[in-house]
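The residues making up each chain are set out below.
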Amino acid sequence: MGASRTERAGQRSRTVGEDWAAFLPPEMDQLFDATRNALECSNVVLSVVLDEALGLCEQEQFTLGEERAMAFGELFDLLAIRLRRVIRAIKQHGSHYGTLPNVSALVPANFRGATAQRISFTSSLLAKVVFGSRMRFFHKLNALEEIIERLQEETRVIVEDVSDKAQVSPERAWRQMEVLGYDLNTCMAETTVVLKSFFCALPAEELETFRQKLV
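Residues numbered from 1 in each chain as written. Predicted model: local features only at pLDDT ≥ 70, side-chain atom pairs only at ≥ 80, totals over all residues. Heavy atoms only, no water.

A. Structural view of the pattern of salt bridges. For the structure shown, the criterion picks out 13 salt bridges. Where Glu149 meets Arg84, a salt bridge forms, and the shortest distance between an N and an O atom there is 3.2 Å. In this pair, Glu149 sits in helix 6 (residues 133-163) while Arg84 sits in helix 4 (residues 62-97), placing the two residues 65 residues apart along the sequence. Overall, the relative accessible area of 17% leaves Arg84 in the buried class. (Salt bridge = Lys/Arg side-chain N within 4 Å of Asp/Glu carboxyl O. Helix = DSSP H or I, 4+ residues; strand = E, 2+ residues; numbered from the N terminus. Buried < 20%, exposed > 50% of the residue type's maximum accessible area, 1.4 Å probe, protein only.)

B. Main features of the packing of helix 3 (residues 26-58) against helix 7 (residues 170-201). Two numbers describe how helix 3 lies on helix 7: the axes approach to 10 Å, and their chain directions differ by 170°. When the axis of helix 3 is compared with that of helix 7, the two are roughly antiparallel. Taken together, the residues that form the contact of helix 3 with helix 7 break down as 16 nonpolar, four polar and six charged. (Axes fitted to C-alpha atoms, helices over the stretch in contact; angles between N-to-C directions. Parallel < 35°, antiparallel > 145°, perpendicular 65-115°, else oblique. Nonpolar A, V, L, I, M, F, W, Y, C, P; charged D, E, K, R; others polar.)

C. Examining helix 8 (residues 207-214) more closely. What helix 8 keeps buried is the set Leu207, Phe210 and Leu214. Down the axis of helix 8, the buried side of the element spans an arc of 65°, and every buried residue falls inside it. (Arc of directions from axis to C-beta.)

D. Focus on the layout of surface pockets. Taken as a whole, the largest pocket encloses approximately 300 Å³ of empty space. Taken together, 14 residues form the lining of the largest pocket, with Arg82, Arg85, Val86, Leu214 and Val215 sitting closest to its centre. Every element with two or more residues in the lining of the largest pocket is listed here: helix 3, helix 4 and helix 8. Of the residues forming the lining of the largest pocket, the biggest block, six residues, is contributed by helix 4. Estimates place the volume of the second largest pocket at around 160 Å³. Every residue along the wall of the second largest pocket is listed here: Asn43, Leu46, Ser47, Leu50, Asp51, Leu54, Phe72, Arg112, Glu178, Gly181, Tyr182 and Asn185. Every element with two or more residues in the lining of the second largest pocket is listed here: helix 3 and helix 7. Examining the composition of the lining of the second largest pocket, we find that six residues originate from one element, helix 3, more than from any other. (1 Å grid on protein atoms, 1.4 Å probe; cavity = no way out; pocket = protein on both sides within 12 Å on 5 of 7 lines; lining within 4 Å. Points joined across faces, edges and corners; volume = space filled by probe spheres on them.)

E. Quick look at the nonpolar core. Ile90, Trp174, Leu184, Phe199 and Phe210 are the most contacted members of the largest nonpolar core, which has 52 residues in total. Only helix 3, helix 4, helix 5 (114-129), helix 6, helix 7 and helix 8 provide two or more residues apiece to this core. It is helix 7 that provides the largest number of residues to this core, a total of twelve residues. (Core = buried A, V, L, I, M, F, W, Y, C linked by side-chain atoms within 4.5 Å.)

F. Layout of the packing of helix 6 against helix 7. As a packed pair, helix 6 and helix 7 sit with axes 10 Å apart at the nearest point and diverge in direction by 155°. Considered as vectors, helix 6 and helix 7 are oriented roughly antiparallel to each other. In this structure, helix 6 meets helix 7 at a crossing whose hand is left-handed. Together, Phe137, Lys140, Leu141, Leu144, Ile147, Ile148, Leu151, Glu154, Thr155, Ile158, Val159 and Val162 of helix 6 and Ala173, Gln176, Met177, Leu180, Asp183, Leu184, Cys187, Glu190, Thr191, Val194 and Phe198 of helix 7 make up the contact between the two elements. Partitioning the contact of helix 6 with helix 7 into residue classes produces 16 nonpolar, three polar and four charged. (Left-handed = near helix turned anticlockwise from the far one by under 90°. Contact = heavy atoms within 4.5 Å.)

Function cannot be inferred from these measures alone, as they are strictly geometric.
Set out below in structure tokens:
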């Protein structure tokens, strides 16, 4: 295993960008595509519901908008849970086997919400001044997981307010949910990039073990 890992490391690309363009062995490529497609399908459905709700709000059809709010909350949680499962699979495998990919810092400007920007800013700052490559990798995963959890919490609060007809402007609530959906989409993109780099670093003999964690 040590020899295989050393050989694999010698063949690896040096940057996240090169990882994204790199070819994977067929079995790894199939697993990566299946995982990415599942996440993207969830995101597409979430985006459709969001667009429908924004359109209903513009037409002042707030009762139908409330129904879409409930659906949005459930779909948001579904995508968030899937993302957290992917992140945890990478964390568990990387921690146990020492498989570490190339990693780039989070960019606060890629997020729109205050919470996501704050967490990503702190993560990016610490990655530059404190951590070595191993710590940067796990800290980024932890930051992504924290952002997703906070986004879920904020979404639940807004959905409950809309559903309970609390004193909240429907237009304002849906604009807030649009920002939350945008930031979750950014987390999905970051997770997908990390996953591709992880596959680029993963020795072939570890693939089945990682598949069992991921699926």
